[in-house]
Amino acid sequence: MRNRFNGNLKWSDVTPKAQWMNRRSLLLGAGAAMVAGQAGAKITSVPSAYSTDAIPNTFEEITTYNNFYEFGTDKEDPARNSAAFQPDPWAVQIDGLVDKPGSYDLADILGGVTLEERIYRFRCVEAWSMVVPWVGFELATLLNRVGVQPSAKFVAFETVVRPEEMPGQRQPLLDWPYREGLRLDEAMHPLTILATGLYDEPMPKQNGAPIRLVVPWKYGFKSIKSIVRITLTDTMPITTWNTLNPREYGFYSNVNPKVDHPRWSQASERQVGGGIFAPRVDTLMFNGYEDQVAALYTGQDLTKDY
Ligand SMILES: Nc1nc2c(c(=O)[nH]1)N[C@H]1C(S)=C(S)[C@@H](COP(=O)(O)O)O[C@H]1N2
Ligand SMILES: [Mo]
């Protein structure tokens, strides 16, 4: 089974058609007619050497077990409460220490990139994990296009604020907008992507339509959804979970089995979809991406810079 994903095959190259059709009919709901060019419109992407050979979770698992507090705090809430959300049209404001600041239409951003399939491990700070076949492009590609100025040291991200469309934002669950940030070298790393889809479909609303960050060696909350603003700065950005509870959620939040959350162990994780009898598995340093990213943190004490 595992070997099916070796050799740069895409998930769709190796998934039997019947399984794909079944998945799609579930996606559309029983008996829902498929309208050409609308829901389920496939996007084209190319395979990537950065993909893991681990078996992806199903589309259902990835789209019904979500954290997206803008739509509520239960795992089922984002799928259930996101119908009114309008991810099209969309623009991303890129500002701060860049040569070409401005409001960029998503279509313009996508015009300059080749979409890749990146099958990544994904580890939430709550100690569950999945494997997701994202579709996206390297954040570095976009940052290079807008021209990062030499004084920039960090990248800050913000999620859209639309309480009319996002019922969770009508309550003070978090200090909206949801904010996240990376150090510039982390942002420029080739594993760091902006994802616009998964399973070769446009990004589902509950997963952060139409464009979200994915940083696979960090806890999931760093991977901010539905991004409307990217700011290059010379100071470490304010981030949502760190501000809420700095002891529990650090700025770096690299997956690290040796640094426990104050309220639970991070040494192991529950694989979503494994079933209730599945044993927990060991959590890997940097979520299994140690070879690629450890050098970013040379000389840092990761128990202090957690
Ligand atoms: N805007 C926003 N982005 C967010 C969150 C959120 O609540 N709001 N939750 C984060 C957390 S805790 C996780 S684990 C991942 C979940 O991504 P997924 O639902 O696609 O698996 O999104 C992250 N990005
Ligand atoms: Mo998370």
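Below or above, wherever it landed, is the structure these notes cover. Computed from a predicted structure; not experimentally measured.

Reading the values: rules and limits
- Residues numbered from 1 in each chain as written.
- Chains lettered and ligands numbered in written order.
- Predicted model: local features only at pLDDT ≥ 70, side-chain atom pairs only at ≥ 80, totals over all residues.
- Heavy atoms only, no water.
- Helix = DSSP H or I, 4+ residues; strand = E, 2+ residues; numbered from the N terminus.
- Buried < 20%, exposed > 50% of the residue type's maximum accessible area, 1.4 Å probe, protein only.
- Contact = heavy atoms within 4.5 Å.
- Areas by Shrake-Rupley, 256 points an atom, 1.4 Å probe, with all protein chains shown as cover.
- Near = heavy atom within 4 Å.
- Polar contact = N/O pair within 3.5 Å; in protein donor to acceptor, adjacent residues only side chain to side chain.
- Nonpolar A, V, L, I, M, F, W, Y, C, P; charged D, E, K, R; others polar.
- Salt bridge = Lys/Arg side-chain N within 4 Å of Asp/Glu carboxyl O.
- Pairing = 2+ DSSP bridges.
- Axes fitted to C-alpha atoms, helices over the stretch in contact; angles between N-to-C directions.
- Core = buried A, V, L, I, M, F, W, Y, C linked by side-chain atoms within 4.5 Å.

Considering the overall build of the chain
Logical step 1: Looking only at helices and strands, the chain features 9 helices and 12 strands.
Logical step 2: Taken over 306 residues, the chain has a buried fraction of 51%.
Logical step 3: Considering only contacts within the chain whose residues lie at least 6 apart along the sequence, 72% involve residues at least 24 apart.
Logical step 4: Approximately 13,900 Å² of the chain is accessible, and the part contributed by carbon and sulfur atoms is 54%.

Examining the site of ligand 1
Logical step 1: Contacts to ligand 1 come from 18 residues, most closely from Asn66, Tyr69, Glu70, Thr159 and Lys225.
Logical step 2: A distance of 2.9 Å is found between a nitrogen atom of ligand 1 and a side-chain nitrogen or oxygen belonging to Thr159.
Logical step 3: Contact between ligand 1 and Lys225: an oxygen atom at 2.7 Å from a side-chain N or O atom of the residue.
Logical step 4: Within the complex, 98% of the 540 Å² of free accessible area of ligand 1 lies under protein.
Logical step 5: In terms of residue class, the shell around ligand 1 is built from 9 nonpolar, 6 polar and 3 charged.

Some remarks on the pattern of salt bridges
Logical step 1: A complete count under the given rule lists 14 salt bridges for this structure.
Logical step 2: Asp95 serves as the salt-bridge partner of Arg229, at 2.9 Å between the closest nitrogen and oxygen. With Arg229 in strand β10 (residues 227-233) and Asp95 in strand β1 (residues 91-96), the pair connects residues that are 134 residues apart, well separated along the chain.
Logical step 3: Owing to a relative accessible area of 29%, Arg229 belongs among the partly exposed residues under this scheme.
Logical step 4: Residue Glu138 pairs with Arg118 through a salt bridge whose shortest N-O separation is 2.7 Å. Pair noted here: Glu138 is in strand β4 (residues 128-138) and Arg118 is in strand β3 (residues 116-123), with a separation of 20 residues, a long-range link.

So, the environment of Glu201
Logical step 1: Looking at where Glu201 falls in the secondary structure, it is placed in strand β8 (residues 201-202).
Logical step 2: The exposure class of Glu201 is buried, given its relative accessible area of 3%.
Logical step 3: For Glu201 and Ala41, which are 160 residues apart along the polypeptide, the C-alpha to C-alpha distance reads 6.4 Å.

A word on the pairing of strand β6 (residues 179-183)
Logical step 1: Most of β6 sits inside the fold, with 4 of its 5 residues counted as buried.
Logical step 2: Sheet topology places strand β5 (residues 154-159) next to β6; 5 bridges connect them, and they run antiparallel. Considered in β6, the bridge of Val155 is made with Leu182.

Focus: the sheet that holds β6
Logical step 1: Pairing is mixed in the open sheet, where 5 strands are placed in the order β2-β1-β10-β5-β6. What marks the edges here is a single partner per strand, and that holds for β2 (102-105) and β6. Adjacent strand axes in the sheet meet at a mean angle of 20 degrees, parallel and antiparallel pairs treated alike.
Logical step 2: Strand direction decides the pairing type here: β1 and β10, joined by 4 bridges, are parallel. Across the sheet, residue Gly96 finds its bridge partner in β10, namely Leu232.
Logical step 3: Against the sheet, helix α6 (residues 139-146) touches β1, β2, β5, β6 and β10, its axis set at about 65 degrees to β10.

Examining the pairing of β10
Logical step 1: Among the 7 residues that make up β10, 5 are buried, leaving the element largely enclosed by the rest of the structure.
Logical step 2: In this structure, β5 lies alongside β10, joined through 6 bridges in antiparallel fashion. Within β10, the residue paired with Glu158 across the bridge is Arg229.

Overview of the nonpolar core
Logical step 1: In terms of nonpolar packing, the biggest core is built from 73 residues, with Trp134, Phe157, Leu194, Leu213, Trp217 and Ile230 touching the most fellow members.
Logical step 2: When residues of this core are assigned to their parent elements, the largest contribution, 6 residues, is made by β4.
Logical step 3: Not counting the four nearest positions on each side in its chain, Phe157 is found in contact with Leu139, Tyr178, Arg179, Glu180, Gly181, Leu182, Leu213, Ile224, Ile227, Arg229 and Ile230.

On their own, these measurements won't tell you what the molecule is for.
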